[in-house]
Amino acid sequence: MKRTKLAVIAAAVALTLGACGSAGTDDENPIDNDVASDAAAQFEDGTAMKALAEAGTVKIGVKFDQPGLGFKAAGQDQPTGFDVEMAKIVAAELGIAADKIEWVETISDNREPFLQQDTVDFVFASYSITDDRRKVVGQAGPYFLTGQQLLVKKGSDIKSVADIKGKEVCSVTGSTSLKNVEAEGAKARGFETYSQCRDQVLDGAVDSMSTDGSILLGYAALNPDELEVVGDAFSEERIGMGYSQDKPELCQFLTDSIKKAQDDGRWAKAFEATLGKSGAETPEPPAMDSCA
């Protein structure tokens, strides 16, 4: 596990350095998925999969501010990243091509409402699987594993999670990261986006930012003279796919779609084309949870 996390984090640095350019178009980052024109025929009548396949389009919520996972730069037509590639794999299993996906910018605090209100069909937005979330929405996975760390200004007296007790630590509202730092004795502050949280650290308004290490090193790479990531990972985040509890049949479909991609090599190709661009070793895909 430690080797996997280090590979992901190292990859994020190199990836972020190029994220503000033109990287990540479909032509530059192709993941081949066979899109069958008669995909609807394989699904039972009355299922959510049948309806989506027949519609020929799907709405998917992703982050736009996480280099390597879900990122959309100014002037960029489509978001890019590992979460985005996983979403394309699922869409392809519905017979829906990438250019027929409606990408909806999603922040941590609106992931559940978006699913409950049918604003989106799926959420692929660094969406950690938790028991609390599974009480209100469906979550399939995990398709990715990572861990929480700390971002601080260089010269900070915070060197590890043991040093955040009584300190102000920010993350995005609605994230598991805030709960985790509160459990460590920090004063948690939530912001709408990761970039707002990062700016608070740069300004000295808060002592640290905390979320997945892969995200933090991406931001540190954009401000190498001012910011750094410190300490070992102090949690394991199991990243999964969100769907509406009103459509329970989607769990097995999502699970089978990702398992198929793991077996036929598309999962590995997606990693290599996004988080693996630094040359980091491709990890073994995580085992998927069983659907109830």
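Residues numbered from 1 in each chain as written. Predicted model: local features only at pLDDT ≥ 70, side-chain atom pairs only at ≥ 80, totals over all residues. Heavy atoms only, no water.

Trainee: Teacher, can you tell me more about the sheet that holds strand β6 (residues 138-146) here?
Mentor: The pairing of strands in a sheet happens through backbone hydrogen bonds and is either parallel or antiparallel. The strand order across the open sheet built from five strands is β4-β1-β5-β12-β6, with neighbouring strands paired in mixed fashion. The open sheet has two free edges, formed respectively by β4 (101-105) and β6, since each of these has just one partner strand. Geometrically, the sheet is characterised by an average inter-axis angle of 25° between neighbouring strands, direction not taken into account. (Pairing = 2+ DSSP bridges. Helix = DSSP H or I, 4+ residues; strand = E, 2+ residues; numbered from the N terminus. Axes fitted to C-alpha atoms, helices over the stretch in contact; angles between N-to-C directions.)

Trainee: Any chance you could explain the state of the cysteines here in plain terms?
Mentor: Here a disulfide denotes one covalent bond, and it connects the sulfur atoms of two cysteines. Inspection of every chain in the model, using the stated rule, returns two disulfides. A disulfide bridge connects Cys170 with Cys197, and the sulfur atoms are separated by 1.9 Å. Note on the Cys170 and Cys197 pair: the S-S dihedral is about 95°, so by sign convention the disulfide is right-handed. Placement of Cys170 in strand β8 (residues 168-172) and of Cys197 in helix α6 (residues 194-203) is noted, with a sequence separation of 27 residues between them. Here Cys170 falls in the buried class, since its relative accessible area comes to 1%. Look at Cys197 and you get buried, because its relative accessible area is 0%. With a sulfur-sulfur separation of 2.1 Å, Cys251 is cross-linked through a disulfide to Cys291. Between Cys251 and Cys291 the sulfur-sulfur dihedral comes to about -90°; the bridge is accordingly left-handed. Of this pair, Cys251 sits in helix α8 (residues 250-264) while Cys291 sits in the segment after α9 (266-273), placing them 40 residues apart in sequence. Assessed through its relative accessible area of 9%, Cys251 is described here as buried. (Disulfide = S-S within 2.5 Å. Buried < 20%, exposed > 50% of the residue type's maximum accessible area, 1.4 Å probe, protein only.)

Trainee: Honestly, the pattern of salt bridges in this entry has me stumped. Any pointers?
Mentor: Two side chains that carry opposite charge are able to pair once their charged atoms sit near each other. As enumerated under the stated definition, the model contains 14 salt bridges in all. In this structure, the salt-bridge partner of Arg134 is Asp289, at a minimum N-O distance of 3.1 Å. With a gap of 155 residues between them, Arg134 in the loop between β5 (122-128) and β6 and Asp289 in the segment after α9 connect regions that are remote in the sequence. Of the charged contacts, one joins Asp289 and Arg238 as a salt bridge, the two residues approaching to 2.5 Å between their closest N and O atoms. Of the two residues, Asp289 sits in the segment after α9 while Arg238 sits in strand β12 (residues 237-243), which places them 51 residues apart along the sequence. Residue classification places Arg238 among the partly exposed residues on the basis of a relative accessible area of 25%. In this structure, a network of salt bridges that share partners links the residues Glu93, Lys260, Asp264 and Arg266. (Salt bridge = Lys/Arg side-chain N within 4 Å of Asp/Glu carboxyl O.)

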